[in-house]
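# Examination of the molecular architecture
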Amino acid sequence: MANELTFIMIKPDGVQRGLVGDIISRFEKKGFFLKAMKMVQVERSFAEKHYSDLSTKPFFGALVEYIISGPVVAMVWQGKGVVATGRKIIGATNPAQSEPGTIRGDFCIEVSRNVIHGSDAVGSAQKEIALWFPDGIVDWHSSAHPWIYEN
Ligand code: GDP
Ligand code: MG
């Protein structure tokens, strides 16, 4: 399924620390296609909606404060297996457990400042893309497709 989509968000610490270019570059160089991107600082209620599955967690309040603390870069990436592979590129939730070579493994130390979000399943990706890009995304196809995929 080369048209699989995932939602990736560079969190406020990633933006403030100047990691946007490096993060985008990792997904681009892998062969995934950037289908949508915007910088936005979200309202509390929007952050609560994005993380609604975690609302009972003890860190939920701190997580929402973190996400609304500055602008984020919201993106949609496309490619075969992009949800699962995107999570591998990002690394484990807690940077103490993220392997070197992953984004979290290379760029951060604490779970509460882990620089990036990626959807955890195709279904949640669809929900998150609809939440963050309610007007839809640009429909374009890369001319590199045959250089990345056999079919
Ligand atoms: P993810 O899918 O790898 O981002 O992890 P989760 O969906 O489980 O958690 C969402 C986000 O909540 C994580 O990326 C962290 O920023 C934050 N988080 C997760 N666990 C903790 C925790 O134990 N403490 C704090 N402060 N934040 C956490
Ligand atoms: Mg998650």
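Identification of the chain as Nucleoside diphosphate kinase from Sphagnum troendelagicum is taken from an unreviewed UniProt entry. Regarding the chain, the relevant UniProt record gives this comment under Cofactor (unreviewed entry): "Mg(2+)". Per UniProt, the chain carries the Sequence similarities (unreviewed entry) text "Belongs to the NDK family."

### Some details on the sheet that holds strand β2 (residues 33–40)
The four strands are arranged β2-β3-β1-β4 in an open sheet whose pairing can be described as antiparallel. Sheet topology places β2 and β4 (116–118) at the edges, where each strand pairs with a single neighbour. When strand polarity is set aside, the average angle formed by the axes of neighbouring strands in this sheet is 15°. By the bridge criterion, seven bridges tie β2 to strand β3 (residues 72–78) in an arrangement that is antiparallel.

### Things to note about the UniProt feature "domain: Nucleoside diphosphate kinase-like" (unreviewed entry) in the chain
In the numbering used here, UniProt assigns the feature "domain: Nucleoside diphosphate kinase-like" (unreviewed entry) to residues 3–139. Here residues 3–139 is 41% helix and 18% strand, with 11 Å between the C-alpha atoms at its ends.

### Here's the deal with the environment of Q97
Mapping Q97 onto the fold places it in the loop between α5 (82–90) and α6 (103–107). Given the relative accessible area of 54%, Q97 is considered exposed. Distance in space between the C-alpha atoms of Q97 and I109 is 9.6 Å, their sequence separation being 12 residues.

Conventions adopted
Residues numbered from 1 in each chain as written. Chains lettered and ligands numbered in written order. Predicted model: local features only at pLDDT ≥ 70, side-chain atom pairs only at ≥ 80, totals over all residues. Heavy atoms only, no water. UniProt positions renumbered as here; feature names shortened; annotations may be inferred. Pairing = 2+ DSSP bridges. Helix = DSSP H or I, 4+ residues; strand = E, 2+ residues; numbered from the N terminus. Axes fitted to C-alpha atoms, helices over the stretch in contact; angles between N-to-C directions. Buried < 20%, exposed > 50% of the residue type's maximum accessible area, 1.4 Å probe, protein only.

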